[in-house]
Amino acid sequence: MNIGIVCYPTFGGSGVVATELGKGLAQRGHKVHFISYSQPVRLDYFSENIFFHEVSVLKYPLFEHEPYETALASKMVDIVKSDQLDLLHVHYAIPHASAAMLAKMILKEQGIDIPVITTLHGTDITLVGREATFEPVVSWSINHSDGVTAVSESLKQDTYANFHIKRDIRVIPNFIDFTRFSKKPKEHFKKAIAPNGERILVHTSNFRKVKRVEDVIRVFARVAEAMPARLLLIGDGPERSHMEKICRELNTCDKVTFLGKQEAIEEILSVCDLFIMPSESESFGLAALEAMACEVPVLSSNAGGIPEVNIHGETGFMSNVGDVEDMAHHAITLLSDDDMLLRFRKQALAQAQRFDLEKVIVEYTDFYEETVLRKKVLV
Ligand code: GMT
(Lines give C-alpha, C1' and ligand atoms only; values in the text may rest on other atoms or scores of the structure.)
Protein backbone atom coordinates (compact mmCIF):
# COMPACT_ATOMS: atom_id res chain seq x y z
CA MET A 1 0.00 0.00 0.00
CA ASN A 2 0.90 3.65 -0.34
CA ILE A 3 0.42 5.05 3.17
CA GLY A 4 0.59 8.61 4.53
CA ILE A 5 1.58 8.83 8.21
CA VAL A 6 0.95 12.11 10.01
CA CYS A 7 2.69 12.48 13.37
CA TYR A 8 4.69 14.63 15.75
CA PRO A 9 8.39 14.35 14.98
CA THR A 10 9.50 14.45 18.61
CA PHE A 11 11.24 12.10 21.06
CA GLY A 12 8.90 9.68 22.82
CA GLY A 13 5.18 8.95 22.76
CA SER A 14 3.00 8.99 19.69
CA GLY A 15 5.74 10.27 17.36
CA VAL A 16 7.96 7.30 18.15
CA VAL A 17 5.13 4.78 17.72
CA ALA A 18 4.17 6.34 14.37
CA THR A 19 7.76 6.41 13.13
CA GLU A 20 8.52 2.84 14.18
CA LEU A 21 5.28 1.64 12.61
CA GLY A 22 6.13 3.43 9.35
CA LYS A 23 9.63 1.95 9.32
CA GLY A 24 8.19 -1.52 9.91
CA LEU A 25 5.67 -1.08 7.10
CA ALA A 26 8.40 0.13 4.74
CA GLN A 27 10.52 -2.94 5.54
CA ARG A 28 7.55 -5.06 4.54
CA GLY A 29 7.32 -3.44 1.13
CA HIS A 30 4.78 -0.67 1.70
CA LYS A 31 5.55 2.88 0.59
CA VAL A 32 5.36 5.20 3.59
CA HIS A 33 5.05 8.99 3.38
CA PHE A 34 5.68 10.78 6.69
CA ILE A 35 4.06 14.20 6.96
CA SER A 36 5.16 16.43 9.83
CA TYR A 37 6.69 19.83 10.66
CA SER A 38 10.18 18.35 10.83
CA GLN A 39 11.89 15.02 10.23
CA PRO A 40 10.85 12.51 12.94
CA VAL A 41 13.80 11.86 15.26
CA ARG A 42 13.74 8.12 14.79
CA LEU A 43 13.67 8.45 10.99
CA ASP A 44 17.42 8.32 10.84
CA TYR A 45 18.30 6.23 7.81
CA PHE A 46 17.65 5.94 4.10
CA SER A 47 15.05 3.54 2.72
CA GLU A 48 13.73 3.48 -0.80
CA ASN A 49 10.21 3.02 0.61
CA ILE A 50 10.26 5.98 3.02
CA PHE A 51 9.51 9.57 2.09
CA PHE A 52 9.37 12.65 4.27
CA HIS A 53 7.21 15.69 3.49
CA GLU A 54 7.80 18.75 5.64
CA VAL A 55 4.90 21.00 6.52
CA SER A 56 6.05 24.59 6.67
CA VAL A 57 3.79 27.41 7.74
CA LEU A 58 4.06 30.73 6.00
CA LYS A 59 5.12 33.45 8.43
CA TYR A 60 2.99 36.58 8.27
CA PRO A 61 2.83 39.47 10.76
CA LEU A 62 -0.91 38.94 11.28
CA PHE A 63 -0.41 35.40 12.57
CA GLU A 64 0.24 35.55 16.27
CA HIS A 65 -0.46 31.80 16.23
CA GLU A 66 0.71 30.10 13.07
CA PRO A 67 -2.14 28.21 11.32
CA TYR A 68 -0.35 24.82 11.32
CA GLU A 69 -3.56 22.83 10.91
CA THR A 70 -4.38 24.65 7.66
CA ALA A 71 -0.88 24.11 6.28
CA LEU A 72 -1.00 20.44 7.32
CA ALA A 73 -4.39 19.85 5.63
CA SER A 74 -3.10 21.49 2.44
CA LYS A 75 0.02 19.32 2.53
CA MET A 76 -2.12 16.18 2.95
CA VAL A 77 -4.26 17.17 -0.05
CA ASP A 78 -1.10 17.70 -2.10
CA ILE A 79 0.59 14.41 -1.12
CA VAL A 80 -2.55 12.26 -1.45
CA LYS A 81 -2.89 13.51 -5.03
CA SER A 82 0.75 13.66 -6.13
CA ASP A 83 1.80 10.35 -4.57
CA GLN A 84 -1.55 8.61 -5.03
CA LEU A 85 -1.89 7.51 -1.43
CA ASP A 86 -4.27 4.68 -0.55
CA LEU A 87 -4.71 5.72 3.06
CA LEU A 88 -3.89 8.41 5.63
CA HIS A 89 -2.99 7.23 9.13
CA VAL A 90 -2.87 10.09 11.63
CA HIS A 91 -1.33 9.72 15.09
CA TYR A 92 -2.57 11.85 18.03
CA ALA A 93 -5.95 13.46 17.52
CA ILE A 94 -4.93 17.09 17.99
CA PRO A 95 -4.70 18.63 15.42
CA HIS A 96 -3.93 15.73 13.10
CA ALA A 97 -7.39 14.12 13.00
CA SER A 98 -9.30 17.32 12.27
CA ALA A 99 -6.70 18.41 9.69
CA ALA A 100 -7.12 15.02 7.99
CA MET A 101 -10.91 15.46 7.98
CA LEU A 102 -10.51 18.82 6.28
CA ALA A 103 -8.17 17.31 3.68
CA LYS A 104 -10.62 14.45 3.17
CA MET A 105 -13.51 16.83 2.47
CA ILE A 106 -11.42 18.89 0.03
CA LEU A 107 -10.31 15.73 -1.79
CA LYS A 108 -13.87 14.39 -1.93
CA GLU A 109 -14.93 17.46 -3.93
CA GLN A 110 -12.14 16.58 -6.35
CA GLY A 111 -13.39 13.01 -6.74
CA ILE A 112 -10.87 11.34 -4.39
CA ASP A 113 -12.21 9.36 -1.43
CA ILE A 114 -9.21 8.91 0.87
CA PRO A 115 -9.70 6.62 3.90
CA VAL A 116 -8.47 8.17 7.17
CA ILE A 117 -7.45 6.15 10.22
CA THR A 118 -6.93 8.00 13.50
CA THR A 119 -4.86 6.48 16.28
CA LEU A 120 -5.51 7.88 19.76
CA HIS A 121 -2.44 7.89 21.96
CA GLY A 122 -3.12 9.29 25.40
CA THR A 123 -3.05 12.92 26.40
CA ASP A 124 -5.05 13.78 23.26
CA ILE A 125 -7.92 12.00 25.10
CA THR A 126 -7.15 11.95 28.80
CA LEU A 127 -5.73 15.43 29.33
CA VAL A 128 -5.73 17.99 26.50
CA GLY A 129 -8.45 16.72 24.17
CA ARG A 130 -11.20 16.63 26.77
CA GLU A 131 -10.81 20.37 27.48
CA ALA A 132 -13.77 22.41 26.21
CA THR A 133 -11.46 24.21 23.75
CA PHE A 134 -10.88 20.94 21.86
CA GLU A 135 -13.62 18.44 22.77
CA PRO A 136 -16.22 19.16 20.03
CA VAL A 137 -13.58 19.01 17.28
CA VAL A 138 -11.95 15.85 18.69
CA SER A 139 -15.36 14.10 19.05
CA TRP A 140 -16.33 15.06 15.51
CA SER A 141 -12.99 13.94 14.03
CA ILE A 142 -13.17 10.58 15.81
CA ASN A 143 -16.75 10.01 14.66
CA HIS A 144 -15.91 10.86 11.04
CA SER A 145 -12.62 8.98 10.65
CA ASP A 146 -12.96 5.81 8.57
CA GLY A 147 -11.21 3.80 11.27
CA VAL A 148 -10.11 4.61 14.83
CA THR A 149 -7.63 2.76 17.02
CA ALA A 150 -6.59 3.25 20.64
CA VAL A 151 -3.32 1.98 22.10
CA SER A 152 -4.99 0.28 25.09
CA GLU A 153 -8.37 -0.90 26.32
CA SER A 154 -8.13 1.72 29.06
CA LEU A 155 -7.72 4.50 26.48
CA LYS A 156 -10.66 3.15 24.49
CA GLN A 157 -12.86 3.32 27.62
CA ASP A 158 -11.58 6.82 28.45
CA THR A 159 -12.51 7.92 24.93
CA TYR A 160 -16.09 6.70 25.35
CA ALA A 161 -16.25 8.31 28.79
CA ASN A 162 -14.89 11.73 27.80
CA PHE A 163 -16.24 12.28 24.28
CA HIS A 164 -19.49 11.88 22.38
CA ILE A 165 -18.54 8.79 20.39
CA LYS A 166 -20.95 6.80 18.25
CA ARG A 167 -18.59 4.37 16.63
CA ASP A 168 -16.40 1.37 17.24
CA ILE A 169 -12.77 1.82 18.33
CA ARG A 170 -10.24 -0.96 17.70
CA VAL A 171 -7.56 -1.56 20.35
CA ILE A 172 -4.16 -2.09 18.75
CA PRO A 173 -1.47 -1.93 21.43
CA ASN A 174 1.90 -0.27 21.17
CA PHE A 175 4.74 -2.58 20.20
CA ILE A 176 8.44 -3.21 20.52
CA ASP A 177 11.05 -3.74 17.84
CA PHE A 178 13.28 -6.48 19.25
CA THR A 179 15.91 -5.90 16.59
CA ARG A 180 16.63 -2.72 18.53
CA PHE A 181 15.31 -3.25 22.07
CA SER A 182 17.07 -6.19 23.71
CA LYS A 183 19.59 -6.54 26.50
CA LYS A 184 23.02 -5.59 25.15
CA PRO A 185 26.37 -6.62 26.64
CA LYS A 186 27.36 -3.23 28.06
CA GLU A 187 29.24 -4.27 31.19
CA HIS A 188 31.71 -1.40 30.78
CA PHE A 189 28.77 1.04 31.09
CA LYS A 190 27.69 -0.67 34.29
CA LYS A 191 31.21 -0.44 35.74
CA ALA A 192 31.35 3.28 34.93
CA ILE A 193 27.93 4.07 36.43
CA ALA A 194 28.02 1.72 39.40
CA PRO A 195 31.68 0.81 40.06
CA ASN A 196 30.88 -0.88 43.38
CA GLY A 197 28.01 -3.02 42.12
CA GLU A 198 25.30 -0.52 43.16
CA ARG A 199 21.76 -1.22 41.93
CA ILE A 200 20.86 1.02 38.99
CA LEU A 201 17.36 2.52 38.86
CA VAL A 202 16.21 4.40 35.77
CA HIS A 203 13.41 6.65 34.57
CA THR A 204 12.83 8.05 31.08
CA SER A 205 10.20 10.62 30.19
CA ASN A 206 9.46 14.05 28.82
CA PHE A 207 9.58 15.48 32.36
CA ARG A 208 6.03 16.77 32.28
CA LYS A 209 3.98 17.04 35.50
CA VAL A 210 1.89 14.01 34.47
CA LYS A 211 5.03 11.81 34.78
CA ARG A 212 5.48 12.61 38.52
CA VAL A 213 9.27 12.55 38.30
CA GLU A 214 9.40 13.85 41.87
CA ASP A 215 8.00 10.47 43.01
CA VAL A 216 10.86 8.76 41.17
CA ILE A 217 13.40 10.76 43.16
CA ARG A 218 11.55 10.25 46.45
CA VAL A 219 11.34 6.47 45.88
CA PHE A 220 15.02 6.43 44.98
CA ALA A 221 15.98 8.36 48.14
CA ARG A 222 14.34 5.62 50.24
CA VAL A 223 16.02 2.84 48.22
CA ALA A 224 19.41 4.55 48.57
CA GLU A 225 18.98 4.54 52.36
CA ALA A 226 18.50 0.77 52.24
CA MET A 227 21.24 -0.22 49.78
CA PRO A 228 23.96 1.20 47.52
CA ALA A 229 22.12 2.54 44.46
CA ARG A 230 22.28 4.97 41.55
CA LEU A 231 19.48 6.70 39.64
CA LEU A 232 19.63 7.62 35.95
CA LEU A 233 17.11 10.18 34.71
CA ILE A 234 16.79 10.21 30.92
CA GLY A 235 14.90 12.85 28.97
CA ASP A 236 14.13 16.50 29.39
CA GLY A 237 11.16 18.78 29.80
CA PRO A 238 9.47 21.48 31.87
CA GLU A 239 9.99 19.78 35.27
CA ARG A 240 13.72 19.16 34.90
CA SER A 241 15.09 22.11 36.89
CA HIS A 242 12.55 21.54 39.69
CA MET A 243 13.75 17.92 39.84
CA GLU A 244 17.35 19.07 40.23
CA LYS A 245 16.18 21.17 43.19
CA ILE A 246 14.43 18.14 44.77
CA CYS A 247 17.66 16.14 44.48
CA ARG A 248 19.52 18.90 46.30
CA GLU A 249 16.85 19.02 49.03
CA LEU A 250 16.99 15.25 49.50
CA ASN A 251 20.77 15.25 49.41
CA THR A 252 20.88 12.65 46.62
CA CYS A 253 22.75 14.68 43.96
CA ASP A 254 25.87 12.52 44.13
CA LYS A 255 23.81 9.41 43.30
CA VAL A 256 21.48 10.85 40.65
CA THR A 257 22.57 11.55 37.07
CA PHE A 258 20.49 13.62 34.66
CA LEU A 259 21.42 12.28 31.23
CA GLY A 260 19.14 14.51 29.12
CA LYS A 261 17.75 13.24 25.82
CA GLN A 262 19.45 10.06 24.65
CA GLU A 263 19.28 8.23 21.33
CA ALA A 264 20.53 4.75 22.30
CA ILE A 265 18.22 4.23 25.27
CA GLU A 266 18.41 0.45 24.86
CA GLU A 267 22.13 0.52 25.70
CA ILE A 268 21.49 2.35 28.96
CA LEU A 269 18.48 0.18 29.84
CA SER A 270 20.67 -2.89 29.34
CA VAL A 271 22.64 -2.13 32.51
CA CYS A 272 19.69 -1.16 34.70
CA ASP A 273 17.96 -3.13 37.47
CA LEU A 274 14.64 -1.32 37.84
CA PHE A 275 12.59 1.08 35.71
CA ILE A 276 10.32 3.56 37.53
CA MET A 277 7.10 4.95 36.00
CA PRO A 278 4.94 6.59 38.69
CA SER A 279 2.76 8.51 36.16
CA GLU A 280 -0.46 10.24 37.11
CA SER A 281 -1.94 9.10 33.82
CA GLU A 282 -0.54 6.85 31.12
CA SER A 283 -2.54 5.39 28.26
CA PHE A 284 -0.03 2.60 27.68
CA GLY A 285 3.47 3.27 28.99
CA LEU A 286 5.69 2.55 26.01
CA ALA A 287 8.82 3.52 27.97
CA ALA A 288 8.05 0.72 30.46
CA LEU A 289 7.65 -1.77 27.62
CA GLU A 290 11.03 -0.72 26.17
CA ALA A 291 12.60 -1.36 29.58
CA MET A 292 10.94 -4.79 29.84
CA ALA A 293 12.24 -5.75 26.40
CA CYS A 294 15.73 -5.05 27.78
CA GLU A 295 14.93 -7.33 30.76
CA VAL A 296 14.35 -4.55 33.26
CA PRO A 297 11.40 -5.03 35.69
CA VAL A 298 9.04 -2.09 36.19
CA LEU A 299 7.93 -0.25 39.31
CA SER A 300 4.89 1.76 38.30
CA SER A 301 1.65 3.36 39.27
CA ASN A 302 -1.54 1.56 38.28
CA ALA A 303 -2.82 4.47 36.17
CA GLY A 304 -4.66 4.07 32.84
CA GLY A 305 -3.28 1.36 30.57
CA ILE A 306 -0.19 0.52 32.65
CA PRO A 307 -1.82 -2.65 34.10
CA GLU A 308 -2.16 -3.93 30.51
CA VAL A 309 1.65 -3.83 30.27
CA ASN A 310 3.14 -4.31 33.75
CA ILE A 311 1.89 -7.36 35.67
CA HIS A 312 1.94 -6.85 39.43
CA GLY A 313 4.13 -9.42 41.18
CA GLU A 314 5.40 -10.85 37.90
CA THR A 315 7.06 -8.25 35.66
CA GLY A 316 7.31 -5.64 38.40
CA PHE A 317 5.05 -3.99 40.95
CA MET A 318 2.24 -1.45 40.83
CA SER A 319 1.07 1.01 43.49
CA ASN A 320 -1.57 3.71 43.63
CA VAL A 321 -0.55 7.02 42.10
CA GLY A 322 1.54 8.98 44.61
CA ASP A 323 2.05 6.09 47.07
CA VAL A 324 5.80 6.58 47.32
CA GLU A 325 6.08 4.46 50.49
CA ASP A 326 4.51 1.42 48.81
CA MET A 327 6.66 1.89 45.70
CA ALA A 328 9.83 2.13 47.80
CA HIS A 329 8.82 -0.97 49.77
CA HIS A 330 8.38 -2.97 46.53
CA ALA A 331 11.64 -1.62 45.08
CA ILE A 332 13.63 -2.58 48.17
CA THR A 333 12.02 -6.06 48.29
CA LEU A 334 12.89 -6.75 44.65
CA LEU A 335 16.36 -5.23 44.62
CA SER A 336 17.38 -7.07 47.80
CA ASP A 337 16.67 -10.48 46.33
CA ASP A 338 18.90 -11.64 43.44
CA ASP A 339 16.75 -14.68 42.61
CA MET A 340 13.54 -12.68 42.54
CA LEU A 341 15.16 -9.99 40.41
CA LEU A 342 16.37 -12.56 37.89
CA ARG A 343 12.90 -14.15 37.74
CA PHE A 344 11.24 -10.78 37.23
CA ARG A 345 13.76 -9.92 34.48
CA LYS A 346 12.82 -13.08 32.55
CA GLN A 347 9.10 -12.53 33.12
CA ALA A 348 9.39 -8.91 31.96
CA LEU A 349 11.01 -10.07 28.72
CA ALA A 350 8.33 -12.73 28.18
CA GLN A 351 5.57 -10.15 28.67
CA ALA A 352 7.31 -7.70 26.28
CA GLN A 353 7.38 -10.44 23.63
CA ARG A 354 3.56 -10.35 23.53
CA PHE A 355 3.94 -6.85 22.04
CA ASP A 356 6.45 -7.80 19.35
CA LEU A 357 6.29 -5.48 16.33
CA GLU A 358 6.08 -8.56 14.08
CA LYS A 359 2.66 -9.41 15.59
CA VAL A 360 1.25 -5.92 16.08
CA ILE A 361 2.12 -4.71 12.59
CA VAL A 362 -0.17 -7.42 11.19
CA GLU A 363 -3.00 -6.03 13.33
CA TYR A 364 -2.41 -2.63 11.70
CA THR A 365 -2.18 -3.92 8.13
CA ASP A 366 -5.32 -6.05 8.64
CA PHE A 367 -7.10 -2.96 9.94
CA TYR A 368 -5.89 -0.91 6.94
CA GLU A 369 -7.22 -3.55 4.54
CA GLU A 370 -10.53 -3.86 6.39
CA THR A 371 -11.00 -0.09 6.37
CA VAL A 372 -10.21 0.30 2.67
CA LEU A 373 -12.45 -2.67 1.81
CA ARG A 374 -15.33 -1.39 3.95
CA LYS A 375 -15.20 1.92 2.09
CA LYS A 376 -15.23 0.14 -1.28
CA VAL A 377 -18.26 -1.95 -0.24
CA LEU A 378 -20.09 1.17 0.97
CA VAL A 379 -19.51 2.85 -2.40
O1 GMT B 1 2.37 12.52 27.17
C2 GMT B 1 3.18 11.75 26.68
O3 GMT B 1 3.84 10.94 27.32
C4 GMT B 1 3.35 11.77 25.21
C5 GMT B 1 2.21 11.06 24.62
C6 GMT B 1 2.14 11.24 23.14
O7 GMT B 1 1.11 10.89 22.59
O8 GMT B 1 3.04 11.77 22.50
O9 GMT B 1 2.33 9.68 25.03
C10 GMT B 1 1.19 8.91 25.04
O11 GMT B 1 1.33 8.03 23.96
C12 GMT B 1 2.31 6.99 24.13
C13 GMT B 1 2.39 6.20 22.83
O14 GMT B 1 1.17 5.66 22.47
C15 GMT B 1 1.90 6.12 25.32
O16 GMT B 1 2.82 5.06 25.50
C17 GMT B 1 1.88 7.01 26.57
O18 GMT B 1 1.40 6.21 27.65
C19 GMT B 1 0.95 8.19 26.37
N20 GMT B 1 1.14 9.13 27.48
C21 GMT B 1 0.15 9.40 28.35
O22 GMT B 1 -0.96 8.89 28.27
C23 GMT B 1 0.49 10.36 29.42
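Every chain begins its residue count from 1, and numbering advances along the sequence as written. Predicted model: local features are reported for residues with pLDDT of at least 70 only, side-chain atom pairs are reported and counted for 80 or more only, and whole-chain, interface and lining totals are derived from all residues. Hydrogen atoms and water are omitted, and side-chain values are computed over all heavy atoms in the structure.

## Brief notes about helix 9 (residues 240–249)
Here is the rule we go by: Think of it in three bands: residues with accessible area under 20% of the maximum for their type are buried, residues over 50% are exposed, and the middle band is partly exposed, with areas taken using a 1.4 Å probe on protein chains only. Secondary structure elements are taken from DSSP: a helix is a run of H or I of four residues or more, a strand is a run of E of two residues or more, and numbering for both begins at the N terminus. By definition, the arc is the one covered by directions from the helix axis to the C-beta atoms. Contacts are residue-level and defined by heavy atoms, with any inter-residue pair within 4.5 Å sufficient.
Residues of helix 9 that are buried include every one of Met243, Ile246 and Cys247, and no others. Seen along its axis, helix 9 keeps its buried residues to an arc of 100°; they face one direction. Relative to its buried face, helix 9 has exposed residues pointing more than 90 degrees away, namely Ser241, Arg248 and Glu249. Looking at the buried side of helix 9, the elements it contacts are helix 8 (213–226) and strand 10 (256–260). Just downstream of helix 9, Asn251 is the residue with a positive phi angle, here 60°.

## Re helix 5 (residues 135–144)
For helix 5, the full list of buried residues reads Glu135, Val138, Ser139, Ser141, Ile142 and Asn143. In the core, the buried residues of helix 5 are packed alongside helix 3 (93–109), strand 5 (116–120), helix 4 (123–126), strand 6 (147–150) and helix 6 (153–162).

## Description of the nonpolar core
Inclusion rule: The criterion is simple. A nonpolar core is a set of buried Ala, Val, Leu, Ile, Met, Phe, Trp, Tyr and Cys residues joined through side-chain atoms within 4.5 Å. Domain limits in this description derive from either an automatic procedure or a database domain assignment.
Among the nonpolar cores identified, the biggest contains 92 residues, and Met76 and Phe275 are the most heavily contacted of them. A domain-level breakdown of this core finds at least three residues from each of domain 1 (2–175 + 357–378) and domain 2 (187–355). In this structure, Ile217, Ala229, Leu233 and Leu299 belong to the second largest nonpolar core, which totals 31 residues.

## A few points about the sheet that holds strand 9 (residues 229–234)
Consider a sheet: its strands pair through backbone hydrogen bonds, and that pairing is either parallel or antiparallel. We count it as follows: Should DSSP find at least two bridges between two strands, the strands are regarded as paired. Axis lines are fitted through C-alpha atoms, for helices just across the contact stretch, and the angle between N-to-C directions can take any value from 0 to 180 degrees.
Spatially, 10-9-8-11-12-13 is the arrangement adopted by the 6 strands of the open sheet, whose pairing is parallel. Unpaired on one side and paired on the other, strand 10 and strand 13 (316–319) mark the two borders of the sheet. Looking at each pair of strands side by side, their axes are set apart by 20° on average, direction ignored. Helix-sheet contacts for helix 8 involve strand 8 (199–204), strand 9, strand 10, strand 11 (274–277) and strand 12 (298–301), and the interaxial angle to strand 9 is about 165°. Where helix 12 (residues 324–335) meets the sheet, its contacts fall on strand 8, strand 11, strand 12 and strand 13, and the angle it forms with strand 13 comes to roughly 165°.

## Concerning the site of the ligand
In plain terms, the rule: It suffices for a single heavy atom of a residue to lie within 4 Å of a molecule or strand for the residue to be listed as near it. In the analysis that follows, any N or O atom pair within 3.5 Å is treated as a polar contact, provided that within protein one partner can donate a hydrogen and the other can accept it, and provided that, for residues neighboring in sequence, both atoms belong to side chains. To measure how exposed things are, a 1.4 Å probe is used in the Shrake-Rupley method; for residues, cover is taken only from the protein chains shown. Side-chain classes are defined by residue name, with Ala, Val, Leu, Ile, Met, Phe, Trp, Tyr, Cys and Pro counting as nonpolar, Asp, Glu, Lys and Arg as charged, and the others, Gly among them, as polar.
Taken together, 18 residues lie near the ligand, and His121, Asn174, Lys211, Glu282 and Ser283 sit nearest. Contacts to the ligand include Ser283, whose backbone N or O atom sits 2.9 Å from an oxygen atom. Protein chains bury 94% of the 480 Å² of accessible surface belonging to the ligand in isolation. Looking at which element gives the most residues to the shell around the ligand, the answer is helix 1 (residues 13–27), with 3 residues. Taken together, the residues of the shell around the ligand sort by class into 5 nonpolar, 10 polar and 3 charged.

## Some details on the environment of Ile125
By secondary structure assignment, the location of Ile125 is in helix 4. The buried category is assigned to Ile125, whose relative accessible area is 0%. Sequence spacing of Ile125 and Ala150 is 25 residues, and the spatial spacing of their C-alpha atoms is 9.9 Å.

## Side note on the packing of aromatic side chains
Describing an aromatic ring pair means giving the distance of the ring centres and the angle of the ring planes. The following threshold applies: Aromatic rings from Phe, Tyr and Trp, taking only the six-membered ring of Trp, are treated as a pair when their centres fall within 6.5 Å; an angle between ring planes under 30 degrees marks them as stacked, one over 60 as edge-to-face, and anything in between as tilted.
Evaluated as defined, the whole model comprises 7 aromatic pairs. When the ring of Tyr37 is compared with that of Tyr68, the centres are 5.7 Å apart and the planes differ by 80°; the resulting orientation is edge-to-face. Note that Tyr37 is positioned in the loop between strand 2 (31–36) and strand 3 (50–54) and Tyr68 in helix 2 (residues 68–82), a separation of 31 residues in sequence. By relative accessible area, which is 17% here, Tyr68 ends up buried. Centroid distance Phe317 to Phe344: 5.3 Å. Interplanar angle 35°. Geometry classified as tilted.

## Section: the pattern of salt bridges
Any two side chains of opposite charge can pair, on the condition that their charged atoms come close. Under the convention used in this document: Only one rule defines a salt bridge in this text: a Lys or Arg side-chain nitrogen within 4 Å of an Asp or Glu carboxyl oxygen.
If you walk through the whole model with that rule in mind, you get 23 salt bridges. Salt-bridge contacts for Glu214 lead to Arg218; the nearest nitrogen and oxygen are separated by 3.0 Å. One end of the pair is Glu214 and the other is Arg218, both in helix 8 and 4 residues apart, which spans about a single turn. Here Arg218 falls in the partly exposed class, since its relative accessible area comes to 26%. Asp236 is paired through a salt bridge with Arg240; the nearest N and O atoms lie 3.4 Å apart.

## So, the domain arrangement of the chain
Our working definition: Buried area: the accessible surface (1.4 Å probe) lost by two parts on joining, summed over both.
Taken as a whole, the chain is organised into domain 1 (2–175 + 357–378) and domain 2 (187–355). Summarising the inter-unit geometry, the C-alpha centres of domain 1 and domain 2 are found 31 Å apart. Domain 1 puts 18 residues into the contact, and the matching count from domain 2 is 15 residues. Where domain 1 abuts domain 2, roughly 1,400 Å² becomes buried across the two surfaces, and 55% of that area is made up of carbon and sulfur atoms. On inspection of domain 1 and its partner domain 2, the count reaches 1 salt bridge. Counting the contacts that link domain 1 with domain 2 gives 9 residue pairs in polar contact (both at pLDDT 80 or more). Elements that contribute at least two residues to the side of domain 1 that touches domain 2 include exactly helix 1, helix 6 and helix 14 (357–378).

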